[in-house]
Amino acid sequence: MTTKPILSVRNLSITYPDASEGLHALDNISFEVRPREFVCFLGPSGSGKTTFLRVLAGILKPTSGSVSFMHHHQPRIGMVFQQSNLMPWRTVMENIMLPLELEGAGNIKAQNKAREMISLVGLKGFEDSLPRDLSGGMAQRVAIARALIHDPDLLLLDEPFASLDALTRERMWTELSNIWQAKQKTVIMVTHSINESLFLADRVLVLTKRPGKIKLDVAVDLPRPRTDDIRYTSHFGKLAKKLRSAIE
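Below, the structure is looked at part by part. Along each chain, the written sequence defines residue order, and numbers are assigned to residues from 1. Since the coordinates come from a predicted model, pLDDT governs what is reported: local features require at least 70, and pairs of side-chain atoms require 80 or more to be given and counted, while whole-chain, interface and lining totals use all residues. Heavy atoms from the whole structure form the basis of all side-chain values; hydrogens and water molecules are not counted.

### Some details on the sheet that holds strand β2 (residues 23-33)
Two strands pair under a simple rule: DSSP has to find at least two bridges between them. Numbering goes from the N terminus for both helices and strands, where a helix is a DSSP run of H or I of at least four residues and a strand is a run of E of at least two. One open sheet accounts for three strands, arranged β2-β1-β4; its pairing is antiparallel. Two strands lie at the open edges of the sheet, namely β2 and β4 (64-69), each paired on one side alone. Each strand of the sheet is rotated relative to its neighbour by a mean of 20°, with strand direction disregarded. Of the strand pairs in this sheet, strand β1 (residues 7-16) and β2 are connected by seven bridges, and their pairing is antiparallel. Directly across from Val 9, in β2, lies its bridge partner Phe 31. The contact criterion used throughout is that any non-hydrogen atoms of two residues lie within 4.5 Å. Note on definitions: angles span 0 to 180 degrees between N-to-C directions of axes, and those axes are lines fitted to C-alpha atoms, for helices only across the stretch in contact. Set on the sheet, helix α1 (residues 49-56) makes contact with β1, β2 and β4; between it and β1 the angle comes to about 120°.

So, in structure tokens, the structure goes:
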């Protein structure tokens, strides 16, 4: 992994205005992310995780501090939310093609790229299906493919599996890990799940309760590719205990 960061966050703070002194959501956040690194932010509800992703996506401006991307061009950012947010009247193929259509890409180019993404996320045979005919896990795979189709520099994941049942969620960890292995994108993901963060990430940053501050930055030195069995190893358990202690 190259030593030069792709993203640098310095002294980032967010305060939402309200009737009194304002709601202080994030306080003095500083860290760096390197190319092809998978970083998870872990923390309790209300710790500012989603707010932080909105800043990285350019949806929200920081109250103070800076976010710097180490590119000469405006970075391409893909984002996947808790809900798949698919357009119900568009097929799987059409939903995935949407970002390229909005960029003005030709129909043939968009279709070819969408087929590549459909193969990547394991949805061959469902190209013409509508969202109502998909399971929750399949819908989130479509959302991931849609976020990847324009080859983003940074992929942001806002608890993408939170609405799924436990077994489907665990299967999606493996799916996402395989997709990341194949595409080697830089990923920042927020989650409430200790096991999810350890299974997926190279690093886990633990946030405190509001206002969110970085309490712990842990390197996840587990071998890749990761299979379900790794969750039952003693080292996985030691890392989980360390993260749990930081949250509590």
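### Some words on the pattern of salt bridges
One speaks of a salt bridge when a side-chain nitrogen belonging to Lys or Arg is within 4 Å of a carboxyl oxygen belonging to Asp or Glu. Inspection of every chain in the model, using the stated rule, returns 16 salt bridges. Asp 27 serves as the salt-bridge partner of Lys 213, at 3.4 Å between the closest nitrogen and oxygen. Taken together, the positions of Lys 213 in the loop between β8 (203-207) and β9 (214-219) and Asp 27 in strand β2 put the pair 186 residues apart, joining distant regions of the chain. We classify Asp 27 as buried; its relative accessible area is 19%. With a closest N to O distance of 3.6 Å, Glu 116 and Lys 113 form a salt bridge. For every residue, the accessible area (1.4 Å probe, protein chains only) is compared with the maximum for its type, and the residue is labelled buried under 20%, exposed over 50%, or partly exposed between those bounds.

### Observations regarding the sheet that holds β8
Pairing within the open sheet is mixed, and its six strands lie in the order β5-β6-β7-β3-β8-β9. A strand with exactly one partner marks an edge of an open sheet, and here the two such strands are β5 (77-80) and β9. Recorded for the sheet is a direction-independent mean angle of 15° between the axes of neighbouring strands. Where α1 meets the sheet, it contacts β3 (38-42), β5, β6 (154-158), β7 (186-191) and β8, and its direction lies at approximately 155° from that of β7. Of the strands in this sheet, β5 and β6 touch helix α4 (residues 136-148), which is tilted by about 170° from β5.

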